Structure formats: structure tokens, C-alpha cells
Amino acid sequence: MMAPSRNPFIGLALALMTVCYAIPAPAQATSGGASAKNLDPADWETILLESATANDVPPPEPVDSKDIQLELVQLRKALQSITPHQRALVNKWVVTNQGKLWRQALDQLTLHNLAGAPSSLRLYAALHISIADAEVAARNRQRAYRRPHPGELDSSIHALVARLSPHAYPSDLAAETGAAQRILLFVRPEAAGQINALADESMRALESSGLYLKSDCEAGRQLGYLVAEEVLSVLARDRRPTQLVFAKEMPWEQPAAPETVRLGVRYQLAHSEYDDSVKWTTPLLRQGVTYGDLPPWNQALPVDPTAGSWQPLILESTDLFHAPPPPANSSAQTMHDMEEIVAALNNRTCYTDFISFKWANEQPGRWPAEIMDGLMSRYDWDAPTTARAEAILYAAMYDSLLTTWHEKFRYLRPRPALLEPGLPTVILTPKHPSYPAGHGTYVGAAVTVLQEFFPDERSEYEYLIPEVNNARVWAGVHFRDDMVAGNVIGEQVANAVMKKVHLDGSPGERSKRVLGQPLVTSTFFGDGGPNYH
């Protein structure tokens, strides 16, 4: 008599369990680990390449040829005498997120070279887009040639790691290596020895893994190099003035401010209201003060002043989204925001300083990218999806920053230290207009991407926007309204980018991306801006 009464409950429980297990990872709701449309990565729409077949490599030799048989013999012998060091390199490089390693290499190459956020993010976006498109191109060629992995050709060969792609030629991970190598050589050609050595290390690891023959890796590296060349050709047409990729410029300007806080004296506002006629102006010319090698970089040069007219990587232009006019200098809102800044500066703590410097010293996008790395690893995303997610993240941050630069030089809002010249800021004031805030923009874009890919993991990243907003206000370099306006632009641009480039590789609105005519960002630089050498 009891059994029939329990059947409805059991059925309901089983139904609920079925629903729960149908969505094992929150990211899969937006085609994370497994494509929503189950597209083979070989069929994915590339991001900047014309198509996945735009570049090719020579057909592989027949598997029964003497050269291939010799490669199999050499690989078998090498695996029999593998060393702990070689195993460590395999574990380092034969991974689904090789892009993380190359981004860390880019961090090191640019560590002591200061540059504006637009120029920096341009390179990180180029790196990750090259890696993503190289992965798709390699998967496409793998399907065309269908060369088996070494273990399928010789049963005595046992790979050290699990297979990451359906076919071996050309190696997709080697393609990622070749693409990254070419971008890094573009960034720092004088570090070619270091960059090439790192790429060679990756290639040795791939060859030692047992997943690929030497010819698989060489073909992949060649393909990745060609893909990166195409991405660089797009950058060459983006209207960014020709200049050193990284110069030892000083991207800030700071009026003289007494060390009042450190002396224990609380700073008092020097004005009861501010003049609406005050606009951000180019930093004062410092005669005889230059930074870097050739060409000389004068400290008076603003940070990437023409970035608002550069061609974005994904959007059609930087003129699609706009911030509302900032509060007038004389407004009660500006005074309220200034009072918030002064209160923070008068009540500095180890924590507030830590947060201020955390966001002042990072390469743009570092903290959101590290969070995405961890989440992709947690959900075991494959190499094509991982590479594409990183590319979308950096493209969204970059395009949103160009949009903000367009607005900065439209409004020319003065920095807090320009209205209050004695303001004892925690860090030096950046050399570009205040509104909207660049940090608020690219973090807003990053959080929007993370929320789309990992909607149920908000606790991992939702703190980023309030933290960066506080960091720039506590540092004394931005008004609160600057940060909020940047957050909004970042969200808008990121959503637009994700409509054009889909994580699952399905076709977006990519056809609308064209290299058009330069925009007129403002009348501030009547001659088009300072001349870059």
C-alpha cells in the first residue's frame, strides 16, 4: 500500500536529478565547454582571418614513407629515455591554455616599458586573436589531411598526455606557438633570442609528448606564423600612428603637491567651487626632458591621444556608444565627488593603498584574465574554446577602451589634480582626460564577458568593478562619475563584440567590420594630434 504513494515523489526526484545533470557546468549555457551548436572547431568562423582556409601548409608525407617511419622510430626511442625535465616541459606546454603562458611572456617583455593602456591592450588582443585563429586554422587543416597521431601509427608509442585534438597534422598547439612567437617578435624584436628560445622550448615539449611527430609540429608552427602575419596586417591598417611599440615614456602628469598626508596634516580643499572653463589640457612642455631611446619621447606627450580614431578590432568604429556629458566643474556633483576623494586621501590605510597600487601597476586586463584562466580550467574547456574565449575577452577590452578614448577627447574633463593642484594623490595622475575612466571601461567589459561565459560564478568576478572604481577614486586620479561612465561603455561594447564573435564559433556579424575613414574625435588636436616618429 505504501509503494504506490511513493512513486510520484520518486518520479519527481528523478526528473529533478535529470534536469540538474543536464547542465553540469554553468558556462555551457553559453556554449563554453561544448559548443551550443556542436560545431566542429574546423568549421568555426575565424576572428580576423578571412577564413580558416586562408593559409595552408604542404600536404603531409604518406605515413608509410621512409621519412615518417624514421620519425616514428626516433620518437619511440626518445620516449623510452624521457627525462624528468622533459616531462616537466611537456606538462607545461601541452595544455589547453597555452595562451596563458604566452601572455605571461608578453608581461615579462613589457614589464619595464611603460605605455598607454590602448597601445598595451592592442598587443594583448593581437596575441590572443592570433592564437585563437591559428587554432581554428590548424583544426581545419587537420580535418583535411587526417594524419593519425603517432600512437595510432605505432602501438608501441605511448603518449605522455591525453590527446587534445582528433588529428596530428598540422599540430594545433604548434600553430599556437608559431602565432605567439610572431606577435612577440613584433612587440620586442630586440628580444628575438629570448622569444625564439621560448618557442623552441614549446616545440621540443610538443615533440616529446608522443602526440606529434616532428613534421606535425613544424607544419603547425609555420601555419601559426602565417596566421599571425595576417593579424598584423590588420593592425597595420588600424590608423594608429607609427611609433615605437613600447617606449620608455612617462604616461602621467602631476602638479606639485605637498606631502601633507604623510606629515599628518589633513588636506583641505582650496576651492569652494570650480570654474567651468577649465578643461583638460596637454601636459606642460618639459624642455630637455626626454625618456627612452630613439626617437626621443618628451614628457609633454599625452597618452595615445589619437586612440579614439583608431580602427577597433571587432566593432565598425569607436563612434557607436557615447557617454553622457560629465557633471560641470561648478556642479554640486563634482564637489561631492571631490570631497569623497579628499576624504579617502585623508584617511589612507594599508588596504586602500594596496588596492590603489594593485590597479595602478598591472598590465591592462591582468586580473580578469587570471580569473577566466581559473574558470576555464575548472570546467575543463578544450583548446579551441579556451583560445577563443581569451581572444573575445581582450578584443572586448581593447575596443571598449578605444571607445572611451574617443569620449575622453570629446569632453576633455579635467583630472581632480587639475582642479585642486595641491591634491596629494597616491599615484601620479595619468596624462589623458578624466572622463570616462579607462580602468572602469576595460574592467566593465571584462566582467560583462565573464558574466556571459560563467553566469553562475559571479562570486569569482563581481568584486572587480567596485574594487577598481574604489582604487582610482582612493588614489585621487578619478572622480566617481568617471568610473561609472567607463563601466557602462565597457558593458555596451562587450555585448556588441559578443554579437559579432560567438564563443561557439558560429557565424556572427563579422561582415560589417570594415576599415573605414578616420573619425574626427575633437578639435583639441586641430592638426590630428602630435606627430609620432
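Below is a short write-up of the structure.

Conventions adopted
Residues numbered from 1 in each chain as written. Predicted model: local features only at pLDDT ≥ 70, side-chain atom pairs only at ≥ 80, totals over all residues. Heavy atoms only, no water. Helix = DSSP H or I, 4+ residues; strand = E, 2+ residues; numbered from the N terminus. Buried < 20%, exposed > 50% of the residue type's maximum accessible area, 1.4 Å probe, protein only. Contact = heavy atoms within 4.5 Å. Polar contact = N/O pair within 3.5 Å; in protein donor to acceptor, adjacent residues only side chain to side chain. Phe/Tyr/Trp six-rings, centres within 6.5 Å; stacked < 30°, edge-to-face > 60°. Core = buried A, V, L, I, M, F, W, Y, C linked by side-chain atoms within 4.5 Å.

### Description of the overall build of the protein
Phase 1 of the analysis: When you go through the protein residue by residue, the secondary structure sums to 17 helices and two strands.
Phase 2 of the analysis: Here the protein holds 533 residues, and 56% of them are scored as buried.

### Remarks on the environment of Asp-172
Phase 1 of the analysis: Note on placement: Asp-172 falls in helix α7 (residues 172-187).
Phase 2 of the analysis: Beyond its immediate chain neighbours, meaning those up to four positions away, Asp-172 contacts Glu-135, Ala-138, Arg-139, Gln-142, Ser-165 and Tyr-212.
Phase 3 of the analysis: A distance of 3.4 Å separates polar atoms of two side chains, one belonging to Asp-172 and the other to Ser-165.

### Some points on the packing of aromatic side chains
Phase 1 of the analysis: Across all of its chains, the model carries nine aromatic pairs by this definition.
Phase 2 of the analysis: A centroid spacing of 5.1 Å and a plane angle of 45° characterise the contact between Trp-93 and Trp-102, whose relative ring orientation is tilted. Across the pair, exposure class does not vary: Trp-93 and Trp-102 are buried alike.
Phase 3 of the analysis: Ring centres 4.9 Å apart and planes at 15° place the aromatic pair Trp-381 and Phe-454 in the stacked group.

### Brief notes about the nonpolar core
Phase 1 of the analysis: Core analysis: the largest hydrophobic core is formed by 119 residues, its most contacted members being Trp-102, Trp-359, Val-449, Phe-453, Phe-454 and Leu-464.
Phase 2 of the analysis: The biggest single contributor to this core is helix α13 (residues 383-411), with 15 residues.
Phase 3 of the analysis: Not counting chain neighbours up to four residues away, the residues in contact with Trp-359 comprise Trp-367, His-439, Tyr-442, Val-443, Leu-464, Glu-467, Val-468, Ala-471 and Arg-472.
Phase 4 of the analysis: In this structure, Val-94, Leu-211, Tyr-212 and Cys-217 belong to the second largest nonpolar core, which totals ten residues.

### Concerning the side chain of Arg-413
Phase 1 of the analysis: Position of Arg-413 among the secondary structure elements: in the loop between α13 and α14 (416-419).
Phase 2 of the analysis: At 2.7 Å, the side chain of Arg-413 forms a polar contact with the side chain of Asp-482.
Phase 3 of the analysis: When residues no more than four places from it in sequence are discounted, the contact partners of Arg-413 are Trp-280, Pro-326, Pro-327, Thr-334, Pro-433, Ser-434, Tyr-435, Phe-479, Asp-481 and Asp-482.

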